[in-house]
Amino acid sequence: MCLGDNPSYIFSYGSLIWRCGFEFETCFKGFVKGFRRRFWMKDTFHRGNPSLCGRTLTLIREEDYKTVMVNEEENEILDEERVWGVCYRVSGEVANQVLKDLDTRELIAGYQKTMVKVHVTEDIVACQAAIIYYYDLSREQTKSISPFTGYEPIEETANIIAQAYGFSGPNREYLYRLQQSLPHPDAYIDHLVHLVNQLAKKYNCQHSMQAIIIQKEAKGVLLIDSGAVAALSQRSKNLLPCGIRKVIGDFERDEIVEIRDSRTLHLISKGFSNFSSSEIKQIKGKHTKFIYEILGNNSETTSTIHLEVVSKNKMILI
């Protein structure tokens with residue numbers, strides 16, 4: 001695979017299935033061999049917090065999985081040595097930037113990337129060289145603090161997922177969205193959902209800020225450009241005025257808005273707006289340094305002007 005004129009292929013097995021955050025030409029459903037997908041990563045930001053670490057997906061090589069499971073196999077859910085997901089074809093024109101954003105998100109967290117074959121059936125390989133990110137257990141020894149849990153009984157994982165929530169919402173919503181988005185049933189994921197459903201009523205997350213954002217109706221829509229889509233989806237940044245293309249609807253400060261990709265209209269996130277719709281129309285597409293100049297004399301209180309339209313700690317990714 002060469003970057004530049006040639007397209008790149010990226011295989012997704014988690015949240016990139018339903019929220020890739022980058023432009024792609026086409027995609028197809030398929031599976032890779034030699035890996036296992038598990039909720040064995042601690043998360044204290046998106047789906048957890050410092051008092052209760054949530055759990056998010058990771059992908060590990062089959063040989064690493066067997067090492068972790070050497071004394072635990074009789075307790076583990078039996079699933080196939082394959083992982084279903086979605087493979088994206090990304091044009092050479094944008095591949096460099098897409099991979100740069102993904103590297104920032106994945107490699108910093110301890111992941112490695114490699115090339116894999118993507119199958120659509122046992123005998124048919126639809127792509128000979130797709131990029132995939134996996135967690136490299138060989139680097140665990142060099143870390144004093146690791147987000148990798150190692151083997152964790154599925155009952156314990158379910159108990160954590162049923163309770164935890166972070167800036168992107170309840171941990172269980174991530175699990176439910178994954179199950180809904182997978183192109184093929186996954187025995188491990190299906191059993192985990194079953195266990196979490198049994199615990200969901202016991203742990204009420206309905207009054208968290210994230211749950212409120214999910215449940216309440218949005219008063220308006222902000223359409224954003226591809227740069228802002230990547231910043232939110234891949235790097236968990238604030239939404240700045242420069243990335244906004246269009247404002248739809250009338251709303252006041254601190255009301256909930258939807259944030260959508262201006263090209264595809266795909267829903268990226270929801271959150272509390274720091275500005276009214278009329279204010280955003282004045283500053284959309286502008287650098288933050290011009291906000292005071294544009295709104296200083298018109299805003300209710302100059303001292304309350306934010307630099308971001310929607311703050312990352314008052315936003316959830318969908």
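Quick summary incoming for the structure in this document. Values in this document were obtained by computation on a predicted structure and should not be read as measured data.

## Observations regarding the sheet that holds strand β12 (residues 256–261)
Here is step 1 of the chain: Spatially, β11-β10-β12-β13-β14 is the arrangement adopted by the five strands of the open sheet, whose pairing is mixed. The outermost strands of the open sheet, each flanked by one partner alone, are β11 (244–248) and β14 (315–317). On average, adjacent strands in this sheet sit at an angle of 20° to one another, irrespective of strand direction.
Here is step 2 of the chain: As judged from the five bridges shared by strand β10 (residues 220–224) and β12, these two strands associate in the parallel manner. Residue pairing for β12: Leu-222 is matched across the bridge by Ile-259.

## Here's the deal with the packing of aromatic side chains
Here is step 1 of the chain: In the structure shown here, the tally under the stated rule is eleven aromatic pairs.
Here is step 2 of the chain: An angle of 50° between the planes, with centres 4.9 Å apart, marks the rings of Phe-31 and Trp-84 as tilted. One end of the pair, Phe-31, is in strand β2 (residues 26–33); the other, Trp-84, is in strand β5 (residues 82–90), with 53 residues separating them in the sequence. Across the pair, exposure class does not vary: Phe-31 and Trp-84 are buried alike.
Here is step 3 of the chain: Taking 6.2 Å as the distance between ring centres and 70° as the angle between the ring planes, the aromatic pair formed by Trp-40 and Phe-148 counts as edge-to-face. Of the two residues, Trp-40 is situated in strand β3 (residues 35–43) and Phe-148 in the loop between β7 (125–135) and α3 (154–163); the sequence distance between them amounts to 108 residues. Of the two residues examined, Trp-40 and Phe-148, each falls in the buried class.

## Describing empty space enclosed by the protein
Here is step 1 of the chain: Here the structure, examined in full by the defined rule, presents one cavity of 30 Å³ or more.
Here is step 2 of the chain: Looking at the largest cavity, its volume works out to about 70 Å³.
Here is step 3 of the chain: What lines the largest cavity is simply Phe-45, His-46, Phe-167, Ser-168, Leu-232, Ser-236, Lys-237, Lys-312, Met-315 and Leu-317.
Here is step 4 of the chain: For the lining of the largest cavity, a count of residues per class yields five nonpolar, three polar and two charged.

## Quick word on the pattern of salt bridges
Here is step 1 of the chain: The final tally for this structure, using the stated rule, is 13 salt bridges.
Here is step 2 of the chain: Here Arg-36 and Glu-62 are joined by a salt bridge, their closest N and O atoms 2.8 Å apart. With a gap of 26 residues between them, Arg-36 in strand β3 and Glu-62 in helix α1 (residues 62–68) connect regions that are remote in the sequence.
Here is step 3 of the chain: What makes Arg-36 buried here is its relative accessible area of 10%.
Here is step 4 of the chain: Taking the relative accessible area as the measure of exposure, Glu-62 reaches 6% and is therefore buried.
Here is step 5 of the chain: Across the salt bridge formed by Glu-152 and Arg-55, the nearest N and O atoms sit 2.9 Å from each other. Separated by 97 residues along the polypeptide, Glu-152 in the loop between β7 and α3 and Arg-55 in strand β4 (residues 54–61) bring together distant segments of the chain. Across the pair, Arg-55 and Glu-152 agree in class, each one buried.
Here is step 6 of the chain: Here the salt bridges share partners, and the residues they tie into one network are Lys-33, Arg-82 and Glu-122.

Reading guide: rules and limits
- Residues numbered from 1 in each chain as written.
- Predicted model: local features only at pLDDT ≥ 70, side-chain atom pairs only at ≥ 80, totals over all residues.
- Heavy atoms only, no water.
- Pairing = 2+ DSSP bridges.
- Helix = DSSP H or I, 4+ residues; strand = E, 2+ residues; numbered from the N terminus.
- Axes fitted to C-alpha atoms, helices over the stretch in contact; angles between N-to-C directions.
- Phe/Tyr/Trp six-rings, centres within 6.5 Å; stacked < 30°, edge-to-face > 60°.
- Buried < 20%, exposed > 50% of the residue type's maximum accessible area, 1.4 Å probe, protein only.
- 1 Å grid on protein atoms, 1.4 Å probe; cavity = no way out; pocket = protein on both sides within 12 Å on 5 of 7 lines; lining within 4 Å.
- Points joined across faces, edges and corners; volume = space filled by probe spheres on them.
- Nonpolar A, V, L, I, M, F, W, Y, C, P; charged D, E, K, R; others polar.
- Salt bridge = Lys/Arg side-chain N within 4 Å of Asp/Glu carboxyl O.

Scope: geometric values only; no functional claims are made or implied.
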